[in-house]
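Spelled out, the chains give:
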Amino acid sequence: MPAVEVHGSCDPRFARVRDAFAGNFATHDEVGAAVAVSIDGRVVVDLWAGWMDAGRTRPWRRDTLVNVFSVGKGMAALSLLLLVERGQVDLDAPAARYWPELGAGGKTGVTVRMLLAHQAGVPGIRRPLRQLAMYDWGCMTSALAREEPWWTPGTAHGYHVNTFGFLVGELVRRVTGMRLGAFFRREIAGPLDADFHFGIAAQHDDRVADVLLPDDDARLPDFLLGRTGTGACEDNARRRRLLERVYCNPPGISGFGTVNTRAWRDAEMPSTNGHATARAVARIYGALACGGRLEGRLLLAPETIAEARTEISAGTDFVLGRYSRFGLGFQLTQPERPLGPGPHGFGHFGAGGSLGFADPDARLAFAYVMNLPGQRWQDPRNRALVEAAYAAL
């Protein structure tokens, strides 16, 4: 395969990032991708290459959007944190103060802080939902309101893979009267001129890259169980049921067989279907890396950012079965999944390798997006790009 043609701009000081980016195509079979890095709010890397489709007929462009999966969780959390900063939401108040129905099933003690830190205990819905029910906001939020916690809220944490965005988004809707996509666009993406969307209209389809996921998610729980199972049959059966409900209820919620459809793109599922350019992700995190201010515009106060990146949950994750760390909706750096070499990196990985984060110590923001999913936990492509960026400092 001929060497990929890399497009965009790169400060000569960050030539290693360009080399690592090209290397991902040569070594890791990258199909289409983009990477962006900013320092002190100034873009020093903005590169893209490859193809938007499996047939390699549509070149990746400067304005190509791609589904970034859980990178959107950080953006959803940021939306709720704006309301916290404005005094409209109290982190330590019961979430049911703003969404009364959420108090059902033993969840009256779930605080907003617990919800943001993946401690609420509702990572999945036990009652089987109809196929594609995730496109029905009312159906999903009503089911979550009725759900009984999988653990006593606040006593453990577990990654709310597909439910986090509905939980946070419904709080935003109850407080503001706006769907999260509209609120995010008005308060964050619009003011920062960041090309990041929850719900993408058909007029943009020609610039949306296909995500090259398999069509069938039936074997996903077994795949995950093989990585996290305990070995005991009873425990494995219990975990398989949990993983089925987290990743596959309703069918299609994790994107298998659905991610490239018009219905998926049109919906608002903040945990999973944000569409963005790498430049947009880096621009938003660029503000957070610089004390909340970018080009004279204050996005979030430094004190709020400091609280958001303070560890709340850490230890063995009830859902993932491995160590994880969370602040207020953001993943925090950890040795096996570093967000830079320093101790204060915060952001969010997305399924398959996408990534966005801020490093307030280096005043650096990083973003990587792609359409060929790689390893689920540690992806050598994003690791190589992050290491190259820091090598230039």
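For the structure itself, consult the block above.
Summarised in this report is the structure supplied together with it.

Calculation criteria
- Residues numbered from 1 in each chain as written.
- Predicted model: local features only at pLDDT ≥ 70, side-chain atom pairs only at ≥ 80, totals over all residues.
- Heavy atoms only, no water.
- Salt bridge = Lys/Arg side-chain N within 4 Å of Asp/Glu carboxyl O.
- Helix = DSSP H or I, 4+ residues; strand = E, 2+ residues; numbered from the N terminus.
- Buried < 20%, exposed > 50% of the residue type's maximum accessible area, 1.4 Å probe, protein only.
- Core = buried A, V, L, I, M, F, W, Y, C linked by side-chain atoms within 4.5 Å.
- Contact = heavy atoms within 4.5 Å.
- Phe/Tyr/Trp six-rings, centres within 6.5 Å; stacked < 30°, edge-to-face > 60°.

1. Details of the pattern of salt bridges
Within this structure, the stated rule accounts for 24 salt bridges. For Arg42, the salt bridge goes to Asp11, with nearest N and O atoms at 3.5 Å. Within this pair, whereas Arg42 is found in strand S3 (residues 42-50), its partner Asp11 is found in the loop between strand S1 (7-10) and helix H1 (15-27), the two being separated by 31 residues in sequence. The exposure class assigned to Arg42 is partly exposed, which follows from its relative accessible area of 48%. With a relative accessible area of 23%, Asp11 lands in the partly exposed category. Among the ionic pairs, Asp266 bridges to Arg262, the shortest N-O distance being 4.0 Å. Highlighted residues: Asp266 and Arg262, both in helix H9 (residues 262-266), separated by four residues, approximately one helical turn. Overall, Arg262 belongs to the partly exposed group, its relative accessible area being 28%. Look at the salt bridges and you will find they share partners, linking Asp205, Asp210, Arg262, Arg265 and Asp266 into a network.

2. Describing the nonpolar core
With 88 residues, the main nonpolar core has Leu116, Phe196, Ile284 and Leu288 as its most contacted residues. Setting aside chain neighbours within four positions, we find Phe196 in contact with Val68, Val71, Gly72, Met75, Phe184, Ala189, Gly274, His275, Ala276, Ala280, Val281 and Ile284. Formed by 29 residues, the second largest nonpolar core is a distinct cluster that contains Phe21, Val45, Leu385 and Tyr390.

3. Describing the packing of aromatic side chains
All told, the structure shown has ten aromatic pairs when counted by the stated rule. Aromatic side chains Trp137 and Phe166 sit 5.0 Å apart centroid to centroid with 50° between the ring planes, which places their arrangement in the tilted category. With a gap of 29 residues between them, Trp137 in helix H4 (residues 137-146) and Phe166 in helix H5 (residues 164-176) connect regions that are remote in the sequence. Among the residues examined, Trp137 registers a relative accessible area of 9% and is labelled buried. Assessed through its relative accessible area of 2%, Phe166 is described here as buried. Plain terms: the ring middles of Tyr159 and Phe326 are 5.9 Å apart, the flat faces sit at 20° to each other, and that makes the pair stacked. One end of the pair, Tyr159, is in the loop between H4 and H5; the other, Phe326, is in strand S10 (residues 323-326), with 167 residues separating them in the sequence.

These results come straight from atomic positions and should not be treated as a statement about function.
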